[in-house]
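A structural walkthrough
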Amino acid sequence: FVKAVDEDDDPVDLTGKITVSVEDDNPELDTEGTTLYVQEDALGNTTTDLENDPDGDNSKGNLENAGDTDTDSVDLDGLVKEGADDPVTFTLDATSAPTLTSGGDTVTYLVSNGGKTLTASANDGSGARTVFEIDIDSNNVLSFDLDDQLDHPDDSPTNDDEQTLTFDIGQFVKAVDEDDDPVDLTGKITVSVEDDNPELDTEGTTLYVQEDALGNT
């Protein structure tokens, strides 16, 4: 860019003699992490929680609390400081995934919609059913929608309605800035799924038999 001449217009070439070194800026985590909370009780039920989505659920829970939900969300922009090379782009990838089961069937993962949707499914041999779905919308809001049961470990801590299964979904999220510099969200977004338990549906019943009938037609 620099032209240098003396009074006689004799030039001196400065090409390659003045260089600029620009140190890159990387995106960083802006939080210690977050947990999304959903309840199996809410499956197939309408509740007072506005995020709850009963449509398309493959199980129906025993709803105990009107505020339960099968859907929760987080603003991904709030988890990452973009830095100079904004914006940060978020997509989903199932290369690394948790080991989960639903009704004893292994959960598998499929990414679609240009990396903006991840569907977790299980198949008992009669056909695939959606267990949960993760979506990232145009505003970088990630939503987790539980659609079916997830198997909870026995007695961990106890087999009751307060038992939870927690797993990492941050490992699904890929975040890169305009220079493709990444920020790792593994372990920074977890989901806690509260268990649902069977309940008595009656006050009881009595069966009646008569000794008079013994040996008789």
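Reading the values: the criteria
- Residues numbered from 1 in each chain as written.
- Predicted model: local features only at pLDDT ≥ 70, side-chain atom pairs only at ≥ 80, totals over all residues.
- Heavy atoms only, no water.
- Salt bridge = Lys/Arg side-chain N within 4 Å of Asp/Glu carboxyl O.
- Helix = DSSP H or I, 4+ residues; strand = E, 2+ residues; numbered from the N terminus.
- Buried < 20%, exposed > 50% of the residue type's maximum accessible area, 1.4 Å probe, protein only.
- Contact = heavy atoms within 4.5 Å.
- Pairing = 2+ DSSP bridges.
- Axes fitted to C-alpha atoms, helices over the stretch in contact; angles between N-to-C directions.

A look at the pattern of salt bridges
Opposite charge on two side chains lets them pair, provided their charged atoms get close. For the structure on display, the rule yields two salt bridges. Across the salt bridge formed by Asp 105 and Arg 129, the nearest N and O atoms sit 3.1 Å from each other. Here Arg 129 lies in strand 12 (residues 128–136) and Asp 105 lies in strand 9 (residues 105–106), a separation of 24 residues in the sequence. What makes Arg 129 buried here is its relative accessible area of 18%. Between Asp 148 and Arg 129 there is a salt bridge; the shortest N-O distance is 2.8 Å. Placement of the pair is Asp 148 in the loop between strand 13 (141–146) and strand 14 (164–168) and Arg 129 in strand 12, with a sequence separation of 19 residues.

Section: the environment of Gly 170
Tracing the backbone through its elements, the reader meets Gly 170 in the loop between strand 14 and strand 15 (173–176). Look at Gly 170 and you get buried, because its relative accessible area is 1%. With 20 residues separating them along the chain, Gly 170 and Thr 190 place their C-alpha atoms 6.6 Å apart. Leave out the neighbours within four places in its chain, and Gly 170 touches Leu 185, Thr 186 and Ile 189.

What to know about the sheet that holds strand 16 (residues 182–184)
Strand order in the open sheet formed by three strands is 7-15-16, and the pairing between neighbours is antiparallel. Looking at the sheet topology across the chains shown, the edges are occupied by strand 7 (89–92) and strand 16. Taken pair by pair, the neighbouring strands of this sheet meet at an average axis angle of 30°, ignoring direction. Relative to strand 16, strand 15 is paired through three bridges, and the arrangement is antiparallel.

Read these as geometric descriptors, not functional statements.
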